[in-house]
Amino acid sequence: MNRTVSLWLALGWIGFAALPWYVIEDGLFALEWLLDGYPLDRDYAPGILQIVVGDRMFLAPIIGFLLLPLLSRGKKDVRFAHILLIAGGGGLAYVLLQGFAIGIQGWEYPILTSVFGPVERQFGMGYGALLVSAAFLFLLTQGLAARGAVNGDVFVVGAIGLVIAIVAVFIFFPVTQILASALRNDEGVYSLTIFLSKLLSRKIWGLHCVYSAVGCGVAWNSLFLAILVGAGTTLLGLAFALLATRTSFRFKSVLHALTVLPIITPPFVIGLAIILLFGVSGTVTQFAANLLDIPASRWIYGLPGVFLAQMLAFTPIAFLVLIGVVEGVSPSMEEAAQTLRASRWATFTTVSLPLMRPGLANAFLLGFIESMADFGNPLVLGGNYDVLSTEIFFAIVGAQNDQGRAAVLAIVLLVFTLSAFIVQQKWLGNKAYTTVTGKGDAGVHVPLPRQLHWAVYGSALPWAALTLVIYGMILFGGFAASWGRDHSLTLTHYIAAFAVEFGDHGVLWTGAARNSFWTTLTIAAAAAPLTAIVGLLTAYLLVRQRFAGKNAFEFGTMLSFAIPGTVIGVSYILAFNVPPFELTGGGAILVLCFIFRNMPVGVRAGVASLSQLDMSLDEASLTLGATSFTTVRRVILPLIRPAIMATLVYSFVRAITAVSAVIFLVSANYDMATSYIIGRVENNDYGLAIAYSSALIGVMLAAIILFRVLVGETRIGRRATAGEQAV
C-alpha cells in the first residue's frame, strides 16, 4: 500500500481504537482522563469500545470505512483512487452526519426517532473523532490526487483540502449560524419581510446629515471612516517603511518598536490616553486654552477622535505588510531606470511604486477592514458618530437583545468589506509584480527623491513623536494614584496586580492578575504559530497554485476578518456549544477563534511577499526532484521571512489584546487579560487597568524581539542599501 495512505490509515485506527471518542468534561486540553477510568469508562472510551461499552451501534459503520482502503494494492491498482474516494469521502460524511443527527437530547429530528428508536445524548467530538475525521479527509485528498487533481500533487491537494475543511468548520459554519438569524422573527420563523424592514432602516442608510457625517446612517459613517483610515494608514505605513529601509535614519530599531506599540495595546487604553490629552480637561486642551485663549471643546469625541485612535492603532499593520514589500523591490530595476537617465522621482513613481502595488493594496484592505470591525475605539471616542460595529455590539448585549438586527448589520458590513476586496483585485489586475528571481541581484537601491525624502521624515517623525507622547501618558497612568485627579506617584496598582509572597512552598504569585496573565500568554503562544502556518499555507496556495474555485477560496479565508469580533464571539457560542463541536468553556475555543480571526493577516502578508518571488524558483526546485513540500520549506519560507515575522507578531499580540470576541468566550477557568482589564475599567479602577496594560506591553515587546531572533532576516545577496549612503 502507498506509504502516505498507510500512515493516515494507521492514525485513523489509533483515533478510533485508542483515544477518547467524545470530548472530555474538563476540556480538550485536559489529560486527567488517562487516570480516570480510561479506556472502559463510557465518558473516555475510544470509538471501538463505545460500540460495546456505550451501546452506540451507530458508530459501527466507521469500521467499514477504515477497513476499505485495505482492499487496494497500491497506486498500480486501477481501483486505488476510487477506493480512497469512497473510504475518505464516505467516512468523513458519515462521521459528520451522525454528529449532527444526534444532539444533547438524542435524535435531532423526530423522524429518526421513529425509524431507529430513541438514543442517549451525544457529546462533542473528542481526540479520537477528530483524528479519525482528519484521516478520512486526507484519504479523500489522496484519492483526488490519484485522479489527477492539481497535477496529482499530493501535498498541494492535501493542503487545499485541509484549508477548505477548517475554513468551513471554523468560519463558514459559525458565521452562518448567526447570519441565518437575520431571516428569523422572534418566534424563530423565517421571514423575508422582517429581514427587509431591518435592512432598509433609516438608522442604517439615512442621509440626513448636512455639514458633517455625524448625523448620517451608520453604514455611511462606517464607510467614510474606513476609507479615511485605509488611505491614511497605507500612506503612513509606507512612510515608515521607506524611513526604515531607504534612509540613513539612525534610530531604526526604536522606529520598529514604536510602530508596533499601538498593536500591542488594548484599544480602549489608546482612547483613554487621547481623552487625557485632547479632552475637555486634557493636557493639550488646557494648555491651548491658557496660552492661546482657545476655549475648551469636545471636538475629540466623534469622527476626529475615532479617526486619530484608529490611525494610531492600525498604521503598524500597514507598516508590517509594506516593509517586506519595500525591501523586496529589485535594485537592478531601479538602476536600469537610472542608466536610462530617469530622475530619482521618475524612477520611484514609474518603477519602485508600481512594484509595491500588492503591498499597498493589501495594506489598504487591512486598514479598511480593521476600521470596519473595530468597536473599542468608537465605543470610547465615538460620541454621536455611530458606526456599524458599535451598533452590532449594542444590538447583542444591550437591552434590546436583537440578534436578528445584529445579523443584518453584520451583512451590511460584510457587503462593504467584500466590495473593498473586489476593488482591490480589480486594481491589481493580472499584472506581474515579480522582483526576486533566481538570478543574482547585488544592486543598490536608488536614493529617494529629495522631496519624498523630506516628506517621509516630515510625516513619520511627528507621528512617532505623538506615539511617544501617547505611551508616555499610558506609562505615567500606571504609577499615578488616580489618573486624571491625583497624580502622585505610587506602586499600589502594580502591587495589586502582580504581588508575590514567599512562603513554605516557595514563591507564590498572589496578585489579582495572575490567572488571566498566564492563561493569556498560554493561549497566545499556542495560537501564534498555528495562525502563521495556516495563513502562509493559504497564501502559498493562492499565489503559486491554480485550481477551480480559487476566488471563492480566497474570499472564504477573508470572511472572519470582515466580520466584527463581537459577531464572531456570539457565532462561536451558537455553533460550538452543542454537538458535534462542543468547545465552549475551554481553552481550545479561544485558540481556534484567534487562529481564524487573525489568519487573514498572514494570508495578505504572504500574498504580498509571494507575489514578488519568481515562479522559476519553484520550477527549478521541482526540476531537481524536490517535492512541493520541500520546495516550500527550503526555498519559499526563507525568502518570505518578513511575512512570517509580521504574522507571528500580529497574531500573538492580537490574541493578547483582542476584546470583542473574547468577552463572549472567556470562562471561569480561562479568563483573558482584556476581559479582566475591561472589568477594572467598568469599576473605574483605571490605575490597575493601565498598570496591567503596561506590563503586557513589556511582555509583548520581549516576545517580538524573540520572534525576530527566531525567524531571522531575509538575505538575498545585495550590497549596502541606499539608506547607508548619503542622500
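Residue positions are given per chain, counting from 1 as you read along its sequence in written order. The predicted origin of the model limits local features to residues at a pLDDT of at least 70 and limits the giving and counting of side-chain atom pairs to 80 or more, whereas totals for whole chains, interfaces and linings rest on all residues. Heavy atoms from the whole structure form the basis of all side-chain values; hydrogens and water molecules are not counted.

Under the DSSP-based scheme used, a helix requires at least four consecutive residues in state H or I and a strand at least two consecutive residues in state E, with every element numbered from the N terminus. In terms of helices and strands, the protein chain carries 32 helices and six strands. With respect to the three principal axes, the spread of C-alpha positions in the protein chain is 85 × 70 × 65 Å. Note on classification: 1.4 Å probe, protein chains only; a residue is buried when its accessible area is under 20% of the maximum for its type, exposed when over 50%, partly exposed between these limits. Of all 727 residues assigned to the protein chain, the portion counted as buried reaches 54%. Expressed as a percentage of contacts within the protein chain between residues at least 6 apart in sequence, the contacts between residues at least 24 apart total 74%. Total accessible area on the protein chain stands at roughly 31500 Å², and carbon and sulfur atoms take up 64% of it. Contacts are assigned to residue pairs that have any heavy atoms within 4.5 Å of one another. Methods summary: accessible areas were calculated by the Shrake-Rupley approach with a probe of 1.4 Å, and residue burial reflects only the protein chains presented.

Moving on: the packing of aromatic side chains. What counts as a ring pair is set by centres within 6.5 Å for rings of Phe, Tyr and Trp (its six-membered ring), and what kind of pair is set by the plane angle: stacked under 30 degrees, edge-to-face over 60, tilted for all other angles. Evaluated as defined, the whole model comprises 28 aromatic pairs. Residues F16 and W21 carry aromatic rings whose centres are separated by 5.5 Å and whose planes lie at 90° to one another, so their mutual orientation is edge-to-face. The buried category is assigned to F16, whose relative accessible area is 0%. On the numbers, 6.1 Å between centres and 85° between planes, the contact of F498 with F517 is edge-to-face. Here F498 is found in helix α22 (residues 492–498), whereas its partner F517 is found in helix α23 (residues 514–544), with 19 residues between them in sequence. By relative accessible area, F498 is classed as partly exposed at 22%.

Salt bridges, as used here, are contacts in which a Lys or Arg side-chain nitrogen is within 4 Å of a carboxyl oxygen on Asp or Glu. Scanning the model with the defined rule gives four salt bridges in all. Linking K203 and D386 is a salt bridge whose minimum nitrogen-to-oxygen distance equals 2.9 Å. One end of the pair, K203, is in helix α9 (residues 202–205); the other, D386, is in the loop between α18 (376–381) and α19 (388–397), and 183 residues separate them in sequence. Classification of K203 by relative accessible area gives partly exposed; the value is 37%. Linking E370 and R654 is a salt bridge whose minimum nitrogen-to-oxygen distance equals 2.8 Å. You can see E370 sitting in helix α17 (residues 357–373) and its partner R654 sitting in helix α29 (residues 641–657), a full 284 residues away along the chain. E370 gets classed as buried once you look at its relative accessible area, which sits at 5%.

The predictor attaches a confidence to each residue, called pLDDT, with possible values from 0 through 100. Residue-level pLDDT values for the protein chain average 82, and 90% of them are 70 or greater. The lowest-confidence element of the protein chain is strand β6 (residues 506–509), averaging 68 in pLDDT; the highest-confidence one is helix α3 (residues 61–67), averaging 95. Predicted confidence is poor over residues 720–727, with pLDDT under 50, and the contacts of this stretch with residues over four places away or in other chains come to 17 contacts.

A separate point is helix α7 (residues 154–179). A helix is expected to reach a length of 1.5 Å times the quantity of its residues less one. Across its 26 residues, α7 extends 35 Å between first and last C-alpha, which sits within 8% of the 38 Å expected from 1.5 Å per residue. The N-cap residue of α7 is D153: its side-chain oxygen and the backbone nitrogen of F155 are 3.1 Å apart. Here a polar contact is recorded for every N or O atom pair within 3.5 Å, except that within protein the pair must consist of a potential hydrogen donor and a potential acceptor, and residues adjacent in sequence are included only if both atoms are side-chain atoms.

Right, let's get into unusual backbone geometry. Leave glycine aside and you will find that most residues have negative phi; peptide bonds, for their part, are mostly trans. Here the bond from P579 into P580 is cis, since omega is 5°, no more than 30 degrees from zero. Within the element layout of this structure, P580 appears in the loop between α25 (565–575) and α26 (588–610). The phi angle at V150 is positive, at roughly 50°, despite the residue not being glycine. We note that N151 has phi near 60°; this positive angle belongs to a residue other than glycine. Locating N151 in the fold gives a position in the loop between α6 (127–146) and α7. Relative accessible area serves as the criterion here: at 79%, N151 is assigned to the exposed category.

Residues L183, Y190, L192, L196 and L200 make up a contiguous nonpolar surface patch of about 520 Å² in total accessible area. The topology assignment puts L196 in helix α8 (residues 192–199). For L196, a relative accessible area of 37% translates into the label partly exposed. Patches here: salt-bridge-free residues with over 30% relative accessible area, like charges joined within 9 Å, nonpolar side chains (Val, Leu, Ile, Met, Phe, Trp, Tyr) joined within 5 Å.

Now for the nonpolar core. In this text, buried Ala, Val, Leu, Ile, Met, Phe, Trp, Tyr and Cys residues form a nonpolar core when linked through side-chain atoms within 4.5 Å. Judged by nonpolar contacts, the single largest core of 213 residues is most densely connected at I274 and F652. Of all the elements, helix α14 (residues 303–328) adds the most residues to this core, at 17 residues.

Axis definition: a line fit to C-alpha positions, over the contact stretch in the case of helices; interaxial angles, taken between N-to-C directions, run 0 to 180 degrees. Where helix α10 (residues 218–245) contacts helix α21 (residues 450–479), the axes come no closer than 9 Å and their chain directions differ by 110°. Accordingly, the angle class assigned to the pair α10 and α21 is roughly perpendicular. In contact with L236, A239, F240, L242 and L243 of α10, α21 contributes L452, V456, Y457, S459, A460, L461, W463 and A464. In this scheme, roughly parallel covers angles under 35 degrees and roughly antiparallel covers those over 145, while 65 to 115 is roughly perpendicular and the rest are oblique.

So, on to the packing of α17 against helix α20 (residues 403–428). Taken N-terminus to C-terminus, the directions of α17 and α20 make an angle of 175°; their axes are 10 Å apart at the nearest point. One element, α17, and the other, α20, form an angle in the roughly antiparallel class. Facing α17, whose interface residues are R357, P358, A361, N362, L365, F368, I369 and M372, α20 presents L413, F416, T417, A420, F421, Q424, W427 and L428. Amino acids are sorted into nonpolar (Ala, Val, Leu, Ile, Met, Phe, Trp, Tyr, Cys and Pro), charged (Asp, Glu, Lys and Arg) and polar (every other residue, Gly among them). Taken together, the residues of the contact of α17 with α20 sort by class into 12 nonpolar, three polar and one charged.

Here F421 lies in helix α20. Note: C-alpha distance between F421 and F364 (57 residues apart in sequence) is 9.9 Å. Once residues within four sequence positions are removed from consideration, F421 is found in contact with L365, E554, M558 and R604.

Once that is clear, we can look at the side chain of T417. Within the secondary structure layout, T417 lies in helix α20. A polar contact is formed between the side chain of T417 and the backbone oxygen of L414, at a distance of 2.9 Å.

Turning to the environment of E554, a few remarks are in order. You can see E554 is positioned in helix α24 (residues 550–562). Put simply, E554 and A539 are 15 residues apart on the chain and 8.8 Å apart in space, counted from C-alpha to C-alpha. The residues touching E554, leaving out its near neighbours within four places in the chain, are F421, Q425, L542 and R604.

Inspection of the secondary structure puts R79 in the loop between α3 and α4 (80–101). For R79, a relative accessible area of 37% corresponds to the partly exposed category. Once the C-alpha coordinates of R79 and N362 are considered, the two residues, 283 residues apart in sequence, prove to be 45 Å apart. Discounting chain neighbours no more than four positions away, the residues touching R79 are L71 and R73.

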